[in-house]
Amino acid sequence: MKREEVFNFSAGPSVLPTPVLERAASELLNYRGSGMSVMEMSHRSGVFMELFAETKARLRAALSVPETHEILFLQGGASLQFSMIPLNLSAEGDTVDYAVTGNFARIACREAEKYCRVNVAASSESTDFDRIPAQKELKLSPEAKYFYYCANNTIYGTAWPYVPETAAPLVCDMSSEILSRPVDVSRYGLIFAGAQKNMAPAGLTVVIIDKALAGKERPVTPLMLSYQRMIDKDSMYNTPPCYNIYVLGLVLDWVAANGGVAGMEKLKKQRSALLYNYLDESRLFKPCAGKDCRSDMNVTFRTGDAALDAEFVKFTQANGMQNVKGHRSVGGMRASIYNAMPVEGVEKLVALMKEFEVKHHV
Ligand SMILES: Cc1ncc(COP(=O)(O)O)c(C=O)c1O
C-alpha cells in the first residue's frame, strides 16, 4: 500500500506528519553538512548540542514553559515516571493523592502504593472508567505531597474537562494530549508525556518539572531516576535518545508552522466534532465516554455487538483505515486522532461509518 492510501488511527506509536518524515529522510545521511546522520553523531558534539538546545527552546516556546520549570528529555517510557514521581516527590510515610480514571492512572497509583500512603482521591473504576470526577468529588488529603492525574485516558477515550484545584502540586500524565492545546504550565508541579503519540517516535519521555520540587529524592533512588541529576546534567547524565529528540525538533517546527498549539487545538476540535456529531446521531454506533468528558484525541465507540464491531474493523482495514480496533482490554473501536491525523482522514472514517450503517439497515 502507498502511504497516501492509508490513514493510521493508532493510539501509539502514532502517525507523524508526512513533511516531518520527508525532512528526516532528506537529512538522514547527512545532517546539515556534518557528513553524518544524527543517529551516528556524539551527543557531546557541537552539531548535536546545537540541535538539542534548539529543540528544547522550541518546546519551551510552544508550551510557554516558564523559567521556573525545567524541560527534561528522558527514557524509560511514560511508565517509568510512575516510579520516578513517588521516588522523587515524596518521602517514606508521606501521603499522596491519586485520581484513578483509567488503566495508566491505575498502574501509576499501584506503583506509588509501594512507596507512600496513597489516597485515592477519586476513581471511576466502578463504571468502567467512562467518566471523569467533578472537582467537588475529589477527596483531597490536606497533607498530600502531590495530586496525580492523567489528563487524557487513551484507552477509554475520556479527558479531564478542567484542571483540578488542589493545594498540593499537580502532577499530570499528558502522554496522549501534549502539544494539542495551550497549557498553563505554571499551574503544574510536573508534567510528563511519552513521545510516541504527538511528539516523536517511541523512546523519548518529556518531563517538565518545577525546579523547586526537585532535589528531594529518597536516598535509595537510582541515579538514573533522579530529576535533580538530570536537571544538573541537562538530560545528558548518560546518552539521551538523540534521534528521537531530533524528530521532536522537526515536529515542533511543523506545529509552529501550523499555528502552534492554538492551531493544533482548532484542528483537534474540528476532527473530534466530525466524529462525535455523527456518533450522536448514529443508530448503529454509540460513543463510550460520557458527553462532558470526551477526549478529542482518542474517540471510543461501539455497536454493542462484538461480531459487528469486528466486521466494521475489517471493513475499515479494507478501505485503508488502520488501527481502528479498540484496546484489547475494552473491545469496540477507537479512533486515535492525534495532531498529525489530517481532517480528511476523519472525514473518510465518518463516510465509511455511514456506509456501514446503511448496509446494516439500521
Ligand atoms: C496516557 C498514557 N500514559 C502512559 C502510557 C504508557 O506509556 P509508555 O508505553 O511510554 O510507558 C500510555 C501508553 O499508551 C498512555 O497512553
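Above this text sits the structure in question.
Below or above, wherever it landed, is the structure these notes cover.

Scoring rules and cut-offs
- Residues numbered from 1 in each chain as written.
- Predicted model: local features only at pLDDT ≥ 70, side-chain atom pairs only at ≥ 80, totals over all residues.
- Heavy atoms only, no water.
- Helix = DSSP H or I, 4+ residues; strand = E, 2+ residues; numbered from the N terminus.
- Rg over C-alpha atoms; globule rule 2.2 N^0.38 Å.
- Buried < 20%, exposed > 50% of the residue type's maximum accessible area, 1.4 Å probe, protein only.
- Contact = heavy atoms within 4.5 Å.
- Areas by Shrake-Rupley, 256 points an atom, 1.4 Å probe, with all protein chains shown as cover.
- Pairing = 2+ DSSP bridges.
- Axes fitted to C-alpha atoms, helices over the stretch in contact; angles between N-to-C directions.
- Parallel < 35°, antiparallel > 145°, perpendicular 65-115°, else oblique.
- Left-handed = near helix turned anticlockwise from the far one by under 90°.
- Nonpolar A, V, L, I, M, F, W, Y, C, P; charged D, E, K, R; others polar.
- Near = heavy atom within 4 Å.
- Polar contact = N/O pair within 3.5 Å; in protein donor to acceptor, adjacent residues only side chain to side chain.
- Phe/Tyr/Trp six-rings, centres within 6.5 Å; stacked < 30°, edge-to-face > 60°.

1. Some thoughts on the overall build of the chain
Regarding its fold elements, the chain presents 9 helices and 14 strands. Over its C-alpha trace the chain gives a radius of gyration of 21 Å, about what one expects of a compact globule, namely 21 Å for 362 residues. Principal-axis analysis of the C-alpha atoms places the extent of the chain at approximately 65 × 55 × 30 Å. Going through the 362 residues of the chain one by one, you find that 55% of them count as buried. Sequence-distant contacts in the chain: of pairs separated by 6 or more residues, those separated by 24 or more amount to 65%. As presented, the chain carries roughly 15,400 Å² of accessible surface, and 53% of it is formed by carbon and sulfur atoms.

2. Quick look at the sheet that holds strand E14 (residues 333-336)
A sheet is described by the order of its strands in space; here 3 strands give the open sequence E11-E12-E14, paired in antiparallel fashion. With one partner strand each, in any of the chains shown, strand E11 (286-287) and E14 form the two edges of the open sheet.

3. What about the packing of helix H8 (residues 306-318) against helix H9 (residues 343-359)?
One way to put it is that H8 packs onto H9 with a least axis distance of 11 Å and a crossing angle of 130 degrees. By the criterion of interaxial angle, the relationship of H8 to H9 is oblique. The handedness of the crossing between H8 and H9 comes out as right-handed. In contact with Leu308, Glu311, Phe312, Phe315 and Thr316 of H8, H9 contributes Leu349, Leu352, Met353, Glu355, Phe356 and Lys359. Residues that form the contact of H8 with H9 fall into these classes: 7 nonpolar, 1 polar and 3 charged.

4. Things to note about the site of the ligand
In the neighbourhood of the ligand, 13 residues make up the surrounding shell, with Ser79, Thr154, Asp173, Gln196 and Lys197 lying closest. A distance of 2.6 Å separates a nitrogen atom of the ligand from a polar atom in the side chain of Asp173. Between the ligand and the protein, one listed contact pairs an oxygen atom with a side-chain N or O atom of Gln196 at 2.9 Å. Computed on the free molecule, the ligand has an accessible area of 390 Å², of which 83% lies beneath the protein chains in the complex. In terms of residue count, the dominant contributor to the shell around the ligand is helix H3 (residues 77-89) (4 residues). Grouping the amino acids of the shell around the ligand by side-chain chemistry returns 4 nonpolar, 7 polar and 2 charged.

5. Some details on unusual backbone geometry
Going from Gly12 to Pro13, the amide bond is cis rather than trans, its omega being -10 degrees. Within the secondary structure layout, Pro13 lies in the loop between strand E1 (7-8) and helix H1 (18-26). Positive phi, normally seen in glycine, also occurs at Ser235, with a value near 65 degrees. Along the polypeptide, Ser235 turns up in the loop between helix H5 (227-232) and helix H6 (242-257). Residue class for Ser235 comes out buried when judged on its relative accessible area of 2%. Despite not being glycine, Asn323 shows a phi value in the positive range, around 65 degrees. The residue Asn323 is located in the loop between strand E13 (321-322) and E14 in this model.

6. Notes on the sheet that holds strand E4 (residues 117-123)
Across the sheet, which stays open at both edges, the 7 strands sit in the order E2-E10-E9-E8-E5-E3-E4 with mixed pairing between neighbours. Edge positions in the open sheet fall to strand E2 (69-74) and E4, since each of these has one partner strand only. The average undirected angle you get between the axes of adjacent strands in this sheet is 20 degrees. As defined by bridge partners, E2 adjoins strand E10 (residues 205-210) across 6 bridges and the pair is classed as antiparallel. Bridge pairing in E10 places Glu70 opposite Ile209. On top of the sheet, H3 reaches E2, strand E3 (95-100), strand E5 (147-150), strand E8 (170-173), strand E9 (188-194) and E10; it is set at about 155 degrees to E9, its chief contact.

7. Describing the pairing of E4
With 6 bridges joining them, E3 and E4 adopt parallel strand pairing. Considered in E4, the bridge of Tyr98 is made with Val120.

8. As for the packing of aromatic side chains
With the rule as written, the count across this model stands at 21 aromatic pairs. When the centroid spacing of 5.8 Å and the interplanar angle of 70 degrees are considered together, the rings of Tyr98 and Tyr146 count as edge-to-face. Residue Tyr98 is located in strand E3, and its partner Tyr146 is located in the loop between E4 and E5; the two are separated by 48 residues in the primary sequence. The same class applies to Tyr98 as to Tyr146, namely buried. Consider the rings of Phe147 and Trp160, whose centres lie 6.4 Å apart with planes at 85 degrees: the pair is edge-to-face. Taken together, the residues Phe147 in strand E5 and Trp160 in the loop between strand E7 (158-159) and E8 connect sequence positions 13 residues apart.

Distances and angles like these do not, on their own, reveal function.
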